[in-house]
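Each chain, written out:
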Amino acid sequence: MSVSVAEMTEQDQLFEYTVRLGDNCVILGQRLAEWCGKSPVLEEELALMNVGLDLLGQARMLLDYAGKVEGAGRDEDKLAFFRDAQAWRNLLLVEQPNGDFAKTMSRQLFFDCFQFLQYQKLSNSADTKLAEIATKSLKEITYHVRHSSDWVIRLGDGTEESHQRMQKAVDELWGYTPEMFDMDAVDEAMLKSGVGVDLKEIEPAWKKMVEGVLSEATLNFPELTWQVRGSKEGKHTEHLGYLLAEMQFLPRAYPDANW
Amino acid sequence: MTNPDTDIAKLEDDFQKKVDAEIRIEPKDWMPEGYRKTLIRQMSQHAHSEIVGMLPEGNWLTRAPSLKRKAVLMAKIQDEGGHGLYLYSATETLGISRDEMYEQLHSGKAKYSSIFNYPTLNWADIGAIGWLVDGAAITNQIALCRCSYGPYARAMVKICKEESFHQRQGYEIMMTMARGTKEQREMAQDALNRWWWPSLMMFGPHDKNSNHSNQNMAWKIKRSSNDELRQRFIDATVPQAEYLGLTIPDDKLAWNEETQSYDWGEIDWDEFKNVVAGNGLCNRERLQARKDAHEGGKWVRDAALAYAQKKRKREALKTAAA
Ligand SMILES: [Fe+2]
Ligand SMILES: [Fe+2]
Ligand SMILES: [Fe+2]
């Protein structure tokens, strides 16, 4: 958004808020799609796609709703395929490359726990549509949390190699997690109107959840030695541009086509 | 003392009687070694085809042109993985492990359907694969639902339902493209041009050149001949292409009033053999992708195994202490 929050209407704020939720799901779903055909074991291939499908489903509901809130004729695909990096509002965490399976599972654990707590609150949102989407998605996310937790535990408490890889993965992504709990003016306004979630409030619960998994996995709870943020203002790592270039190429190359 | 030769002859005779009476053969039943071997070869090849077949479609998963198409494609590819899983399990009932089957795939000893050695070059290829490749697979697999081996037949019944769903979804993509912009129509025609003949090749050599056909028919592993199935597929598919307004790349294709089916040209068997022999555009990539996934995932599987063992030990200690 180029306008300052003070100039934003309530409708603008709800749009912005909903797009943030939707963008996380699109980008993480896209990252999981990259695993297709590359999984360490066939059963896991199916599980990763299950999670990816859930995320895409959530993305579609959220972006569809965002488009309707905006009322400018943009549907889910206009929003997904015709925005450049600076207009995306996904968390920096979810745009990080897959890396090895440990890194993907670490990213997934951090996000799944966050999403679980956020949607728990969001299911009581004053916005009935968001509440409905959150309620509907919560069952899926409960499974996602179990899936990523199980893997982090298995890998952390598996072999020497898997333990090292898992610890490295957790450490490498740790600095992207504080951003999840940032509250900017849009969040504050949404919270005030009973629509949005108090992210600061869920932070301790998130830490507890993650800490529980890491300790069962015999992994160290990392120290925060660096942290980055900015996705709420459209600041991203360089990885996002390449992800979008691949994802958006076809509709961009043939903008008049319906698919 | 009984004569082992007469014993075997008697067993074989009983086996054939059962097959002739349409009694399903189950894993614990006696079966001729040749029957078992043929089934292992065919079923594992089928399982490998499901898994390798995920790759050409996966090639467009990150580039699907709408969120809905992406989700539908992801679900389709996931189905194929499920088919693979299901078929590997069914094959394991014959006394071979999934690891052994993987080894055979990776060493080149076991084959997968050669159709997957062709590249997916534009989005319409995803439509064409669903429509033609899944379509040809269904034609084959409907016949296999009555296969004499119980686990295979049951797997086919389950799988066929999903495959026909894939076929409709593929056709729907083709329809959207064929009714779309000029460029989309060109993509659709280009996809049909490239996938038509390889799809016909999926039914295998002509009956007169097929090595295993007679024995497999007698064992009721096979219920219809390659040529019959191929003709059935062509007769069903040509009107669908017409409805799309696309042209099948065969200038000999013509309706025959007398046979009430289509006459058509000839498959380029040299190309078929050439691709099977390793000279398709994607043979190396497909196999390498499978090997990379398997070898690259070894540390994950090892970890899961090690963790399961630790856990079991801990639980045993707990019960001992209690
Ligand atoms: Fe399949
Ligand atoms: Fe199949
Ligand atoms: Fe299929």
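Coordinates for the structure precede this section.
The structure presented is a predicted model; accordingly, all values stated were derived computationally and were not measured.

Visitor: In this structure, what is going on with the overall build of chain A? I would like to understand it.
Guide: Scanning chain A from terminus to terminus reveals ten helices and zero strands. Walking chain A from its N terminus toward its C terminus, one meets helices and strands in the order α-α-α-α-α-α-α-α-α-α. Relative to a compact globule of 259 residues, whose C-alpha radius of gyration would be 18 Å, chain A shows 18 Å and is just as compact. Burial status across chain A gives 58% buried among its 259 residues. In chain A, once contacts between residues fewer than 6 apart in sequence are set aside, the share between residues at least 24 apart is 79%. Roughly 10400 Å² of accessible area belongs to chain A as shown, and the carbon and sulfur atoms make up 51% of that amount. If you average the places of the 27 positive and of the 43 negative side-chain charges in chain A, the two averages end up 2 Å apart.

Visitor: Would you mind going over a nonpolar patch on the surface with me for this structure?
Guide: Residues and elements named next belong to chain B. A grouping of Ile8, Leu11 and Trp30 is seen on the molecular surface, where their side chains present a nonpolar patch of about 240 Å² in accessible area. Locating Ile8 in the fold gives a position in helix H1 (residues 4-20). We classify Ile8 as partly exposed; its relative accessible area is 40%.

Visitor: Explain the coordination of the iron ion (ligand 3) here, please?
Guide: Ideal values differ by geometry: the angle at a metal is 109.5 degrees with four tetrahedral donors, but 90 or 180 degrees with six octahedral donors. Residue and element names in this part refer to chain B. Coordination of the iron ion (ligand 3) by the protein is provided by Glu80 (OE), Asp134 (OD), Glu163 (OE) and His166 (ND1), with metal-donor distances spanning 1.8 to 2.2 Å. Each of the four donor atoms bound to the iron ion (ligand 3) contributes to angles spanning 92 to 146°, and the resulting shape is irregular. Between consecutive donors of the iron ion (ligand 3), the numbers of intervening residues give the motif E-x53-D-x28-E-x2-H. Between the iron ion (ligand 3) and the iron ion (ligand 1), both coordinated by Glu80, there is a metal-metal distance of 3.5 Å. Residue Asp134 is found in helix H6 (residues 124-144), and its partner Glu163 is found in helix H7 (residues 150-178); the two are separated by 29 residues along the sequence. Note on accessibility: Asp134 and Glu163 belong to one class, buried.

Visitor: Help me out: how do you make sense of the nonpolar core in this one?
Guide: Burial of nonpolar side chains together is a common tendency in soluble globular proteins. Of all hydrophobic cores here, the largest spans 176 residues; its most connected members are Trp206 of chain A together with Trp123 and Tyr149 of chain B. It is helix H2 (residues 42-70) of chain A that provides the largest number of residues to this core, a total of 14 residues. Residues in contact with Tyr149 of chain B, not counting those within four places in the same chain, are Arg24, Ile25, Glu26, Pro27, Met31, Tyr35, Leu39, Met43, Ala90, Thr93 and Leu94 of chain B.

Visitor: When you look at unusual backbone geometry in this model, what are you seeing that I'm missing?
Guide: Negative phi values dominate among residues other than glycine, just as trans dominates among peptide bonds. Of note, Thr218 of chain A is a non-glycine position whose phi angle comes to about 55°, a positive value. Along the chain, Thr218 of chain A turns up in the loop between helix H9 (199-216) and helix H10 (239-253). The backbone phi angle of Gln260 of chain B is positive, close to 55°, even though this residue is not glycine. Within the element layout of this structure, Gln260 of chain B appears in the loop between strand S1 (254-256) and strand S2 (261-263). According to the relative accessible area criterion, Gln260 of chain B is partly exposed, its value standing at 47%.

Visitor: I tried to follow the interface of chain A and chain B on my own but got confused; where do I start?
Guide: For interface size, the figure often reported is the accessible area lost on association. Taken together, the contacts link 50 residues of chain A with 48 residues of chain B. Here chain A and chain B share three salt bridges between them. With its nearest N and O atoms 2.4 Å apart, the salt bridge here joins Arg98 of chain B to Glu43 of chain A. One can count 14 residue pairs in polar contact (both at pLDDT 80 or more) joining chain A with chain B. Listing elements by their share of the side of chain A that touches chain B, those giving two or more residues are helix H1 (10-33), H2, helix H3 (76-81), helix H5 (101-122), helix H6 (128-156), helix H7 (160-174) and H10 of chain A.

Visitor: Explanation requested: the layout of surface pockets in the structure shown.
Guide: Once rolled over the atoms, a probe with the size of a water molecule shows which space is left empty. Space inside the second largest pocket adds up to approximately 410 Å³. If you trace the second largest pocket, you find 19 residues lining it, with Val41 of chain A together with Asp99, Tyr102, His294 and Arg301 of chain B closest to the centre. Mapped onto the lining of the second largest pocket, the elements with two or more residues apiece are H2 of chain A together with helix H5 (98-107), helix H12 (283-296) and helix H13 (298-321) of chain B. Among the elements that make up the lining of the second largest pocket, the one with the highest residue count is H5 of chain B (five residues). A per-class count over the lining of the second largest pocket returns six nonpolar, three polar and ten charged.

Visitor: What's the story with the environment of Ala124 of chain B in this structure? I'm lost.
Guide: All names here are of chain B. As for its position among the elements, Ala124 is in helix H6. Since its relative accessible area comes to 0%, Ala124 is described here as buried. Considered as a pair, Ala124 and Gly170 are 46 residues apart in the sequence and their alpha carbons are 8.9 Å apart. Here Ala124 is in contact with Met174, Met177, Met187, Ala188 and Ala191, once residues within four sequence places are set aside.

Visitor: Honestly, the environment of Gly81 of chain B in this entry has me stumped. Any pointers?
Guide: Mapping Gly81 of chain B onto the fold places it in helix H4 (residues 67-92). For the pair Gly81 of chain B and Gln260 of chain B, spaced 179 residues apart in sequence, the C-alpha separation works out to 38 Å. With near-sequence residues (within four places) excluded, Gly81 of chain B lies in contact with Leu42 and Leu46 of chain A together with Ile51 and Met54 of chain B.

Visitor: Hey, could you run me through the coordination of the iron ion (ligand 1) in this one?
Guide: Residue and element names in this part refer to chain B. Coordination of the iron ion (ligand 1) by the protein comes from Glu50 (OE), Glu80 (OE), His83 (ND1) and Glu163 (OE), over a distance range of 1.9 to 2.2 Å. Metal-centred angles of 89 to 136° between the four donor atoms at the iron ion (ligand 1) mark the site as irregular. Within one chain, the residues donating to the iron ion (ligand 1) are spaced in sequence as E-x29-E-x2-H-x79-E. Between the iron ion (ligand 1) and the iron ion (ligand 2), the interatomic distance is 3.5 Å, and Glu50 donates to each metal, bridging them. One end of the pair, Glu80, is in helix H4; the other, Glu163, is in helix H7, with 83 residues separating them in the sequence. What makes Glu163 buried here is its relative accessible area of 2%.

Visitor: Explain the packing of H2 of chain A against H4 of chain B here, please?
Guide: The packing of two helices is summarised by the inter-axis angle and the distance between the axes. Here H2 of chain A crosses H4 of chain B at 160°, and the two axes come no closer than 9 Å. In terms of axis orientation, H2 of chain A runs roughly antiparallel to H4 of chain B. For the element pair H2 of chain A and H4 of chain B, the recorded crossing hand is left-handed. Residues that form the contact of H2 of chain A with H4 of chain B fall into these classes: 13 nonpolar, six polar and four charged.

Calculation criteria
Each chain has its residues counted from 1, running along the sequence as written. Here the convention is simple: chains get letters from A, ligands get numbers from 1, in the order in which they are written. Note on the predicted model: pLDDT of at least 70 is required for a residue's local features to be given, and 80 or more for side-chain atom pairs to be given and counted; whole-chain, interface and lining totals, by contrast, use all residues. Where side-chain values are given, they derive from all heavy atoms of the structure, hydrogens and water being excluded. Counting from the N terminus, the helices are the DSSP runs of H or I reaching at least four residues and the strands are the DSSP runs of E reaching at least two. To get the radius of gyration, use the C-alpha atoms; to get the globule rule, take the number of residues to the power 0.38 and multiply by 2.2 Å. Burial classes follow relative accessibility: with a 1.4 Å probe on protein chains only, a residue under 20% of its type's maximum area counts as buried, one over 50% as exposed, and anything between as partly exposed. Contacts between residues were defined by any pair of non-hydrogen atoms, one from each residue, lying within 4.5 Å. Surface accessibility in these figures is a Shrake-Rupley result with a 1.4 Å probe; residues are shielded only by whichever protein chains are displayed. When charges are counted, Lys and Arg are positive and Asp and Glu negative, with His and the chain ends excluded. A charged residue contributes its charge at one atom only: NZ of Lys, CZ of Arg, CG of Asp or CD of Glu. Every patch collects residues that have over 30% relative accessible area and no salt bridge, joining them within 9 Å if they carry like charges and within 5 Å if they are nonpolar side chains (Val, Leu, Ile, Met, Phe, Trp, Tyr). The term salt bridge refers to a side-chain nitrogen of Lys or Arg lying within 4 Å of a carboxyl oxygen of Asp or Glu. Coordination shells were defined by N, O and S atoms within 2.8 Å of each metal, extended to 3.2 Å for Na, K and Ca; water is absent from the atom set, which can make sites look incomplete. A four-donor site is classed as tetrahedral when every donor-metal-donor angle falls between 85 and 135 degrees; four donors are called square planar, and six octahedral, when trans pairs exceed 155 degrees and all remaining angles lie between 65 and 115, with any other arrangement labelled irregular. As used in this record, nonpolar core signifies buried Ala, Val, Leu, Ile, Met, Phe, Trp, Tyr and Cys residues forming a set joined through side-chain atoms within 4.5 Å. Polar contacts here mean pairs of N or O atoms no more than 3.5 Å apart (in protein, one a potential hydrogen donor and the other a potential acceptor; neighbouring residues in sequence count only if both atoms are side-chain atoms). In the cavity and pocket records, a cavity denotes points on a 1 Å grid over the protein atoms alone where a 1.4 Å probe fits but cannot get out, a pocket denotes an open set with protein on both sides within 12 Å along at least 5 of 7 lines, and lining residues are residues with an atom within 4 Å of a point. Grid points are joined across faces, edges and corners, and a volume is the space filled by probe spheres set on the points. Lys, Arg, Asp and Glu make up the charged group, whereas Ala, Val, Leu, Ile, Met, Phe, Trp, Tyr, Cys and Pro make up the nonpolar group; the residues left over, Gly among them, are polar. Lines fitted to C-alpha atoms define the axes, with helix axes restricted to the stretch in contact, and inter-axis angles between N-to-C directions lie between 0 and 180 degrees. Convention used here: angles under 35 degrees read as roughly parallel, angles over 145 as roughly antiparallel, angles from 65 to 115 as roughly perpendicular, and any remaining angle as oblique. For any pair of crossing helices, the crossing counts as left-handed if the nearer helix is rotated counterclockwise from the farther one by less than a right angle, and right-handed if it is rotated clockwise.

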